[in-house]
Amino acid sequence: MKPPRIVVITRPTDYEGLLARHGTREQARFFLASRGRDLAEVEGRHRRVQAALTAVAGAIPSAWRRTRLARPDLARFVFEPEDLVVAVGQDGLIANVAKYLQGQPVVGVNPDPDWIPGVLARHRPEAVGDMLATVAAGRGVVEARTMVEAVLDDGQRLLALNEIFLGHVSHQSARYTLRWGARHERQSSSGLIVATGTGATGWALSIHRQHASPAPLPAPSEAALAFFVREPWPSAGTGTSLGTGALPAGEALEAVSEMNEGGTLFGDGLEADRIPLGWGVGVRLGVAKERLRLVVG
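Residues numbered from 1 in each chain as written. Predicted model: local features only at pLDDT ≥ 70, side-chain atom pairs only at ≥ 80, totals over all residues. Heavy atoms only, no water.

All right, on to the overall build of the protein then. Counting its secondary structure elements, the protein contains 6 helices and 16 strands. For the protein, the C-alpha radius of gyration of 21 Å lies close to 19 Å, the compact-globule estimate for 297 residues. Here the protein holds 297 residues, and 47% of them are scored as buried. Of the contacts made within the protein by residues no fewer than 6 positions apart, 68% connect residues no fewer than 24 positions apart. For the protein, the exposed surface amounts to about 14,400 Å²; the carbon and sulfur share of it is 52%. Taking the average location of the 33 positive side-chain charges in the protein and that of its 31 negative ones, the two points are 2 Å from each other. (Helix = DSSP H or I, 4+ residues; strand = E, 2+ residues; numbered from the N terminus. Rg over C-alpha atoms; globule rule 2.2 N^0.38 Å. Buried < 20%, exposed > 50% of the residue type's maximum accessible area, 1.4 Å probe, protein only. Contact = heavy atoms within 4.5 Å. Areas by Shrake-Rupley, 256 points an atom, 1.4 Å probe, with all protein chains shown as cover. Lys, Arg positive; Asp, Glu negative; His and termini not counted. Charge placed at Lys NZ, Arg CZ, Asp CG, Glu CD.)

The following block contains the structure:
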C-alpha cells in the first residue's frame, strides 16, 4: 500500500511580506519604527509560525511522502485523492484551500492561539502526529462543511467556503437584477454576499446584525446559505425589498449584471481570483455539491 502524502500548506507571514517589500530586516524595522510600530511583534509571530512548521514536519512519519506548498501556488498544484492536507496558519488559509480540494481531509493547525481565533485552525502543532495517525487509519472525526458556488451563464464556476461577493470593484454602486423564487427586483447597492454557515462567523455576521434580520444564519454543516444585500438604494428604478433571505439546497439566487465595467465576483476575499461581470452576464448562486472535510477530532 502506497504511504499517504502529507501536503503542508502555509502562507507568507507579515514579516516575510515586510522583507519582500523593504529588502532587509533593518529597513523593515526602520519603516515600522518611523510609524511608531515595533518589528519585534511581527517577528515574534513569524517565529511562532516557523516553529509550528518545524513541529509539523517532525510529526510526519519518515516513510510517508510529503510536500510543502505556499498559498500563491495553490492554483497550480494537483492534489491526489489520498492526500492529507495540513494547513498551518490563520483560519482564512483553510478557506483559501477548500475550493481546490475534492474531499481530501484538512487538519487546521493554529501556530499562534493568542493571535488567531482558531475557528477552523483548531489544533496545536504538538497534536499533529496523533491527528495524522488517526486520520490515516480512518478514525478521525471529520466535519463536512457546506460550500457556496456561483455558476455563470457561460459555464464559469466559482467556489467558496465563507461567502461569494457580487458587486463593483470600486466604491461605485453595483447595479443588477436580482431574482429569488417568484420575486425579482432591480437593485443599486454596495453589492451582495451569499454566505455559508462557516462564513456566518465573519463578514456575514456583521451584515446580519446591520440588517437586524430575524432569520437565523445557517450552521456550518447545514446544506443552506443566507444572502444579504449591502446598503440597497431606493430610487425610481431600483428597490430594496429583497434585502436578505435563506437559500436551502436546491434553491438559488439569480442575478444579472447591469454594470458595463467594474462588475466583479469573488469568493472568500480573494479578489485576485475574481471573475468579471459585464452587462448582461447572469450568475446563479447556491449550495455547492463539494464540501470541505475538516478534521475536528
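Below, the discussion takes up the nonpolar core. Residues Ile 164, Leu 166, Leu 178, Leu 192, Val 194, Leu 265 and Val 283 are the most contacted members of the largest nonpolar core, which totals 26 residues. Apart from residues no more than four positions distant in its own chain, Leu 178 is found in contact with Arg 183, His 184, Glu 185, Gln 187, Leu 192, Val 229, Leu 242, Leu 253, Glu 254 and Ala 255. (Core = buried A, V, L, I, M, F, W, Y, C linked by side-chain atoms within 4.5 Å.)

What follows deals with the packing of aromatic side chains. Going through the model one piece at a time under the given rule, you end up with 3 aromatic pairs. A ring pair is formed by Trp 180 and Phe 227, whose centres lie 5.1 Å apart and whose planes are at 80°; its orientation type is edge-to-face. Here the residue Trp 180 occupies a position in strand β8 (residues 174-180), and Phe 227 occupies one in strand β11 (residues 224-229), the gap between them amounting to 47 residues. The side chain of Arg 45 reaches across the aromatic face of Trp 115, ending 3.8 Å from its centre. (Phe/Tyr/Trp six-rings, centres within 6.5 Å; stacked < 30°, edge-to-face > 60°. Lys NZ or Arg CZ within 6 Å of the ring centre and 35° of its normal.)

Turning next to the sheet that holds strand β12 (residues 244-248). Spatially, 6 strands are ordered β12-β11-β10-β7-β14-β15 in an open sheet, and the strand pairing comes out antiparallel. Where the open sheet ends on each side, the last strands, each with one partner, are β12 and β15 (275-276). As judged from the 2 bridges shared by strand β14 (residues 263-267) and β15, these two strands associate in the antiparallel manner. By the bridge assignment, Leu 265 is partnered in β15 with Ile 275. (Pairing = 2+ DSSP bridges.)

Take the environment of Ala 174 next. Relative to the elements of secondary structure, Ala 174 occurs in strand β8. Taking the relative accessible area as the measure of exposure, Ala 174 reaches 0% and is therefore buried. On a C-alpha basis, the gap between Ala 174 and Leu 192 in space is 8.8 Å, while along the polypeptide they are 18 residues apart. If near-sequence neighbours (up to four positions away) are discounted, Ala 174 is found in contact with Gly 167, His 168, Gln 187, Ser 188, Ser 189, Gly 191 and Met 259.

Considered for burial, the residues of helix α2 (residues 25-33) that qualify are Ala 28, Phe 31 and Leu 32. Buried residues of α2 fall within an arc of 95° about the axis and therefore sit on the same side. Where the residues of α2 are buried, they touch α1 (14-22) and α3 (39-59). (Arc of directions from axis to C-beta.)

Let's shift gears to the pattern of salt bridges. Proximity of charged atoms lets side chains of opposite charge pair with each other. Under the definition given, this model contains 17 salt bridges. With its nearest N and O atoms 2.7 Å apart, the salt bridge here joins Arg 186 to Glu 258. Within this pair, whereas Arg 186 is found in strand β9 (residues 183-189), its partner Glu 258 is found in the loop between β13 (252-257) and β14, the two being separated by 72 residues in sequence. Where salt bridges share partners, they join Arg 5, Arg 65, Glu 80 and Asp 83 into one cluster. (Salt bridge = Lys/Arg side-chain N within 4 Å of Asp/Glu carboxyl O.)

On to unusual backbone geometry. The backbone of Glu 231 shows a phi angle near 50°, a positive value even though the residue is not glycine. Tracing the sequence through the fold places Glu 231 in the loop between β11 and β12. The residue Asp 268 is not glycine, and still its phi comes out positive at about 55°. Following the sequence through the fold, Asp 268 ends up in the loop between β14 and β15.

Bringing the environment of Ala 133 into the picture now. Residue placement: Ala 133 occurs in helix α5 (residues 128-136). For Ala 133, a relative accessible area of 41% corresponds to the partly exposed category. As for Ala 133 and Ala 174, which are separated by 41 residues in sequence, their C-alpha atoms are 49 Å apart.

Further remarks concern the pairing of β12. By the alternation rule, side chains of β12 split into Gly 245 and Leu 247, which are all buried, and Thr 244, Ala 246 and Pro 248, of which none is buried. Both β11 and β12 contribute to a ladder of 5 bridges, which runs antiparallel. Looking at the pairing, Ala 224 lines up with Pro 248 of β12.

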